[in-house]
Amino acid sequence: MAKLEGILYKAFERFFIFRGYAPLNILAEVSKRPEAYQRHSDNEHKKEIIRFLLQGEYAYFPELVFAFRGADVTGLLTEFNGRDDVEYSAEQYVPGLKVLKEKVPHSGYRARHAQLGVNPKDLLRVDGNHRLEPFDEDITWWESSINETAPEDYTEEQKGAWLRSKAENNRDNAKKIIVPFAIVISNSDIADSFEASIFNNINFKQKPLRQEKNIQNIHKFLKDSDELGRPHDLTMKLVDLV
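Before going into details, it helps to say that this report is about the structure given with it. Note that this is a predicted model, so its numbers are computed, not measured.

### Quick word on the nonpolar core
Formed by 44 residues in total, the largest nonpolar core has its most connected members in Leu4, Leu27, Val94, Ile183 and Ile185. Those residues in contact with Val94, other than ones at most four positions away along the chain, are Phe68, Ala71, Leu76, Leu116 and Ile185. With 9 residues, the next largest nonpolar core counts Phe15, Val65, Ala67 and Val126 among its residues.

### Focus on the pairing of strand β6 (residues 111-118)
In terms of residue burial, β6 counts as a mostly covered element, since 8 of its 8 residues are buried. The pairing of strand β1 (residues 2-11) with β6 spans 7 bridges and is antiparallel. Each residue of the ladder has a partner; that of Leu4, found in β6, is Leu116.

### Let's talk about the packing of aromatic side chains
Aromatic rings considered in pairs are described by the distance between their centres and by the relative angle of their planes. Per the counting criterion, the structure on display carries 4 aromatic pairs. With a centroid separation of 5.6 Å and an interplanar angle of 55°, the aromatic rings of Phe135 and Trp142 are classed as tilted. Trp142 sits in the buried class, given a relative accessible area of 0%. Between Trp141 and Trp142, the ring centres sit 5.4 Å apart and the planes meet at 85°, which makes this aromatic pair edge-to-face. Neither Trp141 nor Trp142 differs from the other in exposure class; each is buried. Through a chain of ring-to-ring contacts, the aromatic side chains of Phe135, Trp141 and Trp142 assemble into a single cluster. The ring of Tyr88 has Arg112 lying over it, and the distance from NZ or CZ to the ring centre is 4.5 Å.

Each value, and the rule that gives it
- Residues numbered from 1 in each chain as written.
- Predicted model: local features only at pLDDT ≥ 70, side-chain atom pairs only at ≥ 80, totals over all residues.
- Heavy atoms only, no water.
- Core = buried A, V, L, I, M, F, W, Y, C linked by side-chain atoms within 4.5 Å.
- Buried < 20%, exposed > 50% of the residue type's maximum accessible area, 1.4 Å probe, protein only.
- Contact = heavy atoms within 4.5 Å.
- Helix = DSSP H or I, 4+ residues; strand = E, 2+ residues; numbered from the N terminus.
- Pairing = 2+ DSSP bridges.
- Phe/Tyr/Trp six-rings, centres within 6.5 Å; stacked < 30°, edge-to-face > 60°.
- Lys NZ or Arg CZ within 6 Å of the ring centre and 35° of its normal.

This is the structure in structure tokens:
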């Protein structure tokens, strides 16, 4: 069992959210893709994400969103209706939850420092599955994600050992990266529809940024970046011409 640490509080008057930080591999181990509404990630996109995480100075993405089933959310909402803080009694509604002493902040809308014990695959990946699936893969997948080649004078055996070493090193470095997460507490009896609605809200309710506006922002703030590769250089030169 993994013990996640974070802050527990209510949001939008109908959700209880557990927010915290953890290494990518731990979050991958305790979660799984929900087949009811989440498709498998594109393989090349997963490789791009790993390269981005390992090479980018500006490597960042929003918090991963999970669902934790089996709680009595109705009881939680009733217990804390009209209250501005979370108390120890929240533990009786969420299996594995331990509410700690510290309140954040000390006055006003006070969340609780808490721990949530979760077993492997207890959490459902509502948003961010593509960032976690690489850690479900074996070492041969990590070898396929390497876009470098071994020295030409290496023997085939040496090239294989070189590739395996690079893959293991990349995996070890990536899995230790700390990322933010949010766990939405949900009831088991309505879990699929509840989580699918959150998935829809995250992925389809927001107005997408127009491509030309995105390029304008990159040109303004990241024009001289040497991390984004040759396509970036060509795009910036084209913008200058226009």
